[in-house]
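Below are the chains, spelled out letter by letter.
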Amino acid sequence: MSRTVKRTTRLATVAGMVAAVSAGMIVTAPASQAASVAAFRISNFSATIANICVHTDVATQCSGNIAAGKSTVYKVEYKGPRNWYCTSTAKGLTGTASTPYFSRDDVKECAEVGNIFGASIMLK
């Protein structure tokens, strides 16, 4: 009887290991579905301090309040290059500027432009 118990225990252990490995393979996303990273420039060429953000299909990257005349390249996560857009909020101005959707294939930079009376975002 002890042989039967041992064999059953071994079979149950092997079955549990196979199930765990199979479950891991199902839950784990293939590498092709993982998010990619692209360099994207955010610039402030306006006369105000502004927080400028680029929004992708999986992430949002913001500059924080950057001074006029500053430009930085950020690493941005994405899955697809389309349907990106930028927003900005300038200190001292009301409202938020935003862009229409664009493709990363065509646009590599969002730049805040304007003066103390109003600002907009230029796509480059």
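Sequence positions are assigned chain by chain, starting from 1 and proceeding in written order. With pLDDT at 70 or above as the cut-off, local features in this predicted model cover only qualifying residues; side-chain atom pairs require 80 or more to be listed or tallied, and sums for whole chains, interfaces and linings still use all residues. Each side-chain value is derived from all of the structure's non-hydrogen atoms; neither hydrogens nor water enter the calculation.

**Let's talk about the state of the cysteines**
Put simply, the test is: Throughout, a disulfide means two cysteine sulfur atoms within 2.5 Å of one another. Secondary structure elements are taken from DSSP: a helix is a run of H or I of four residues or more, a strand is a run of E of two residues or more, and numbering for both begins at the N terminus. Using a 1.4 Å probe on the protein chains alone, a residue whose accessible area is under 20% of its type maximum counts as buried, one over 50% counts as exposed, and one in between counts as partly exposed.
One pass over the full model with this rule turns up two disulfides. The residue that forms a disulfide with Cys53 is Cys62, at a sulfur-sulfur distance of 2.0 Å. Across the disulfide from Cys53 to Cys62, rotation about the S-S bond amounts to roughly 105°, and the bridge is consequently right-handed. Put simply, Cys86 and Cys110 are joined by a disulfide, and their sulfur atoms are 1.8 Å apart. Disulfide Cys86-Cys110: torsion about the S-S bond near 80°, hence right-handed. Of this pair, Cys86 sits in strand 5 (residues 85–90) while Cys110 is found in strand 7 (residues 109–115), placing the two residues 24 residues apart along the sequence. Exposure class is identical for Cys86 and Cys110. Each is buried.

**Concerning the packing of aromatic side chains**
Convention followed: Between rings of Phe, Tyr and Trp, where Trp is taken as its six-membered ring, a pair exists when centres lie within 6.5 Å; planes separated by under 30 degrees are stacked, by over 60 edge-to-face, and by other angles tilted.
Applying the stated criterion across every chain yields a total of five aromatic pairs. Between Phe40 and Phe102, the ring centres sit 6.2 Å apart and the planes meet at 15°, which makes this aromatic pair stacked. With a gap of 62 residues between them, Phe40 in strand 1 (residues 36–46) and Phe102 in the loop between strand 6 (97–98) and strand 7 connect regions that are remote in the sequence. When sorted by exposure, Phe40 lands in the same class as Phe102, which is buried. Their ring planes at 85° and their centres at 5.5 Å tell us that Tyr85 and Tyr101 sit as a pair that is edge-to-face. Note that Tyr85 is positioned in strand 5 and Tyr101 in the loop between strand 6 and strand 7, a separation of 16 residues in sequence. Judged by relative accessible area, Tyr85 falls into the partly exposed class, the value being 27%. One aromatic cluster in this structure is built from Phe40, Tyr78, Trp84 and Phe102.

**Quick word on the sheet that holds strand 6**
Cut-off, in case you're wondering: Any two strands are treated as partners once DSSP identifies two or more bridges connecting them.
Strands sit in the order 3-2-5-6 across an open sheet of four strands; the sheet is antiparallel. Strand pairing shows two members of the sheet lacking a second neighbour, strand 3 (60–66) and strand 6, which therefore form its edges. Bridge analysis of strand 2 (residues 50–55) against strand 3 gives five bridges, and the strand direction is antiparallel. Within the sheet, the bridge partner assigned to Ala50 lies in strand 3 and is Ile66.

**Notes on the pairing of strand 5**
Each regular strand displays side chains that alternate between the two surfaces of the sheet. Bridge analysis of strand 2 against strand 5 gives six bridges, and the strand direction is antiparallel. Following the sheet pairing, His55 is matched in strand 5 by Tyr85. Of the strand pairs in this sheet, strand 5 and strand 6 are connected by two bridges, and their pairing is antiparallel. By the bridge assignment, Thr87 is partnered in strand 6 with Ser98. In this structure, the hairpin formed by strand 5 and strand 6 is closed by a connection of six residues, where Gly92 is found at a positive phi of approximately 90°.

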